[in-house]
Amino acid sequence: MKLQDLHFKPFISEEKILDTVQQMVDTIAADLKDEMPIFVGILNGSFMFVSDFVKKYPHPCEVTFIKLASYDGVKSTEDIQRLIGLTQDLTGRTVVILEDIIDSGNTLAEVHRIFKNENVKQLLIATLFYKPDAYKKDFKLHYVGMEIPNKFIVGYGLDYNGLGRDIPSVYQLKTTQHMTNIVLFGPPGSGKGTQANLLKNKYNLVHISTGDVFRYNIKNETALGTLAKSYIDKGELVPDEVTIDMLNAEVEKNADAKGFIFDGFPRTNAQAEALDVLMSTKDSQINTMIELEVEDEILVERLVERGKTSGRPDDADEGVIRNRLKVYYAETAVVADYYAAQTKHIVVNGEGEIQEITERLGKVIDTL
Ligand code: AMP
């Protein structure tokens, strides 16, 4: 869900919220059964909570509201104003503050200041949501519905710049804002690297080529390079475990990326699954897998030609080139089915002029 510039994901369902409200009602009703409590909602955020709460409350009660302003945008601030105050005499009464959320506790400090001179019998604090990691005060919280992590939420009365209060469930701010992630797929020589290099500039994406990362490691004689070289020189796949760890590290290096073009990864279903897991930890996903389709003999021709200048041992020998194609069809081609099952598999003709192919790919990416 998008509210203005920010993306949010579903976090707490309406059903779970209402169950929690019911539990709070049961506990508070049991504690206060002999009282006629005054429930005080803190506007605006608590209006939905207070409404559901008092509808469920099984004994007579009074309800009123005060209005404070405690935050600006997504961050709590120290600056709290009282906009609408109390209008009735609370001497000797049991007052229960109903808050939608307690994070820094600044609002609560103001609430205590307001009630200090009201001579109430007791002041009890009940909050539907509580962020223990954000709470900086010592005031006792008598009733807590649910503890939640210190991430910005909207819905069920809570807003982002005035929006989202009307939503009956709760959404959480996505840690990574909207990314475009593309898997560029196809056999060796289909032009993935060439096209990825052109597309990354056009779409401001980070290009990760696992083949390039392996070659960088080989050149620098790292342990990873030494391990990978034995497979690469024969045209075989480097084991999944090694490749997946390396890919995860490359993605982590680019925490601010607007998205990625993956080139040469995933090459097995295990890698595709690992990539989905990685993307979901970033609150993101692979948007599409684009397969470049090219005739085998054209592939061999291209790779032999590239071998004259690339300095790549795996391009220098036609036997190794043909083995790479064999490995592609035997082990990697199935990855297309993995994405097809998620309706994310698109085939693009990879034959023709470089620029022509870039345009074909651009047309697909522009629709994402
Ligand atoms: P490339 O530059 O994509 O043609 O990759 C060159 C070689 O690196 C491949 O033939 C494999 O030996 C190895 N390699 C690259 N990416 C992967 C991967 N995702 N899984 C396993 N091996 C890979």
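Residues numbered from 1 in each chain as written. Predicted model: local features only at pLDDT ≥ 70, side-chain atom pairs only at ≥ 80, totals over all residues. Heavy atoms only, no water.

Side note on the pairing of strand β10 (residues 170-173)
Along a regular strand, successive side chains alternate from one face of the sheet to the other. Strand direction decides the pairing type here: strand β2 (residues 6-12) and β10, joined by four bridges, are antiparallel. Each bridged residue has a counterpart across the sheet, and for Ile12 the counterpart in β10 is Val170. Judged from the two bridges that link them, strand β9 (residues 153-154) and β10 form a sheet pairing that is antiparallel. Note that in β10 the partner of Val154 across the bridge is Tyr171. (Pairing = 2+ DSSP bridges. Helix = DSSP H or I, 4+ residues; strand = E, 2+ residues; numbered from the N terminus.)

Topic: the environment of Ser104
Inspection of the secondary structure assignment puts Ser104 in the loop between β6 (94-102) and α3 (106-115). Separated by 3.1 Å, the side chains of Ser104 and Asn106 make a polar contact. (Polar contact = N/O pair within 3.5 Å; in protein donor to acceptor, adjacent residues only side chain to side chain.)

Digging into the site of the ligand
If you check the shell around the ligand, you find 16 residues, and the closest are Thr210, Arg215, Glu236, Gly264 and Gln271. Taking Gly264, its main chain carries an N or O atom lying 2.8 Å from a nitrogen atom of the ligand. If the ligand stood free it would expose 480 Å²; the protein chains cover 96% of that surface. In terms of residue class, the shell around the ligand is made up of five nonpolar, five polar and six charged. (Near = heavy atom within 4 Å. Areas by Shrake-Rupley, 256 points an atom, 1.4 Å probe, with all protein chains shown as cover. Nonpolar A, V, L, I, M, F, W, Y, C, P; charged D, E, K, R; others polar.)

Re the pattern of salt bridges
Side chains bearing opposite charge may pair, as long as their charged atoms lie close to each other. Enumeration over the complete set of coordinates arrives at 19 salt bridges. A salt bridge links Lys253 to Glu250; the nearest nitrogen and oxygen atoms lie 2.7 Å apart. We classify Lys253 as exposed; its relative accessible area is 62%. Residue classification places Glu250 among the buried residues on the basis of a relative accessible area of 15%. Within the structure, one salt-bridge network assembled from shared partners comprises Arg306, Arg312, Asp314, Asp315 and Arg324. (Salt bridge = Lys/Arg side-chain N within 4 Å of Asp/Glu carboxyl O. Buried < 20%, exposed > 50% of the residue type's maximum accessible area, 1.4 Å probe, protein only.)

Quick look at unusual backbone geometry
It is generally the case that most residues other than glycine have a negative phi and that most peptide bonds are trans. Look at the link from Leu43 to Asn44: it is a cis peptide, with omega at 0°. Relative to the helices and strands, Asn44 is located in the loop between β3 (38-43) and α2 (47-56). Phe265 connects to Pro266 through a cis peptide bond whose omega is 0°. Along the polypeptide, Pro266 turns up in the loop between β13 (259-263) and α8 (269-281). Here the phi dihedral of Tyr156 falls at roughly 50°; this positive angle occurs in a residue that is not glycine. Tracing the chain through its elements places Tyr156 in the loop between β9 and β10. For Tyr156, a relative accessible area of 2% gives the class buried. One non-glycine residue with positive phi stands out, namely Asn204, at about 55°. Mapped onto the elements of the fold, Asn204 is located in the loop between α4 (192-203) and β12 (206-209).

Side note on the pairing of β2
Here two bridges tie strand β1 (residues 2-3) to β2, and the two strands are oriented antiparallel to one another. Bridging from a neighbouring strand, Leu3 pairs with Leu6 of β2.

What about the environment of Val213?
Looking at where Val213 falls in the secondary structure, it is placed in helix α5 (residues 210-219). As a C-alpha pair, Val213 and Val183 span 30 residues in sequence and 16 Å in three-dimensional space. Apart from the residues within four sequence positions on either side, Val213 is in contact with Met246 and Glu250. (Contact = heavy atoms within 4.5 Å.)

Brief notes about the domain arrangement of the protein
When cut into domains, the protein gives domain 1 (2-173) and domain 2 (180-366). Using only C-alpha atoms to locate each centre, domain 1 and domain 2 end up separated by 51 Å. (Domains from an automatic or database assignment.)

Observations regarding helix α13 (residues 354-366)
Compared with the 18 Å implied by 1.5 Å per residue over 13 residues, the 18 Å span of α13 between its first and last C-alpha is a close match. Buried within α13 we find Ile357, Thr358, Leu361, Gly362, Val364 and Ile365. With its buried residues spanning 160° around the axis, α13 presents them on a single face. With respect to the buried face of α13, the exposed residues turned more than 90 degrees away are Gln355, Lys363 and Asp366. Where α13 is buried, its residues contact β11 (180-185), α4, β14 (288-293) and β15 (345-349). (Expected span 1.5 Å × (residues − 1). Arc of directions from axis to C-beta.)

A closer look at the packing of aromatic side chains
Describing an aromatic ring pair means giving the distance of the ring centres and the angle of the ring planes. Going through the model one piece at a time under the given rule, you end up with 12 aromatic pairs. Ring plane angle 50° and centroid distance 6.1 Å describe the contact between Phe8 and Tyr160, whose orientation is recorded as tilted. Taken together, the residues span a long stretch of sequence, with Phe8 in strand β2 and Tyr160 in the loop between β9 and β10 at a distance of 152 residues. Grouping residues by exposure puts Phe8 and Tyr160 together as buried. Pairing Phe53 with Tyr57 gives two aromatic rings, centres 6.0 Å apart and planes at 20°, and the pair type is stacked. Tyr57 shares its class with Phe53; the two are buried. An aromatic cluster is present here, built from Phe39, Phe49, Phe53 and Tyr57 joined pairwise through their rings. (Phe/Tyr/Trp six-rings, centres within 6.5 Å; stacked < 30°, edge-to-face > 60°.)

A few points about the nonpolar core
Core analysis: the biggest nonpolar cluster contains 28 residues, and Phe53 and Phe129 have the highest contact counts within it. Sorting the residues of this core by element identifies α1 (14-31), α2, β6, β7 (122-130) and β8 (143-147) as the ones contributing at least two each. Of all the elements, α1 adds the most residues to this core, at six residues. In contact with Phe129, not counting residues within four places along its chain, are Ile12, Ile17, Asp100, Ile101, Ile102, Met146, Ile148, Ile153, Leu158 and Val170. Ranked by size, the runner-up nonpolar core spans 23 residues in total, among them Phe262, Leu275, Ile286 and Ala336. (Core = buried A, V, L, I, M, F, W, Y, C linked by side-chain atoms within 4.5 Å.)

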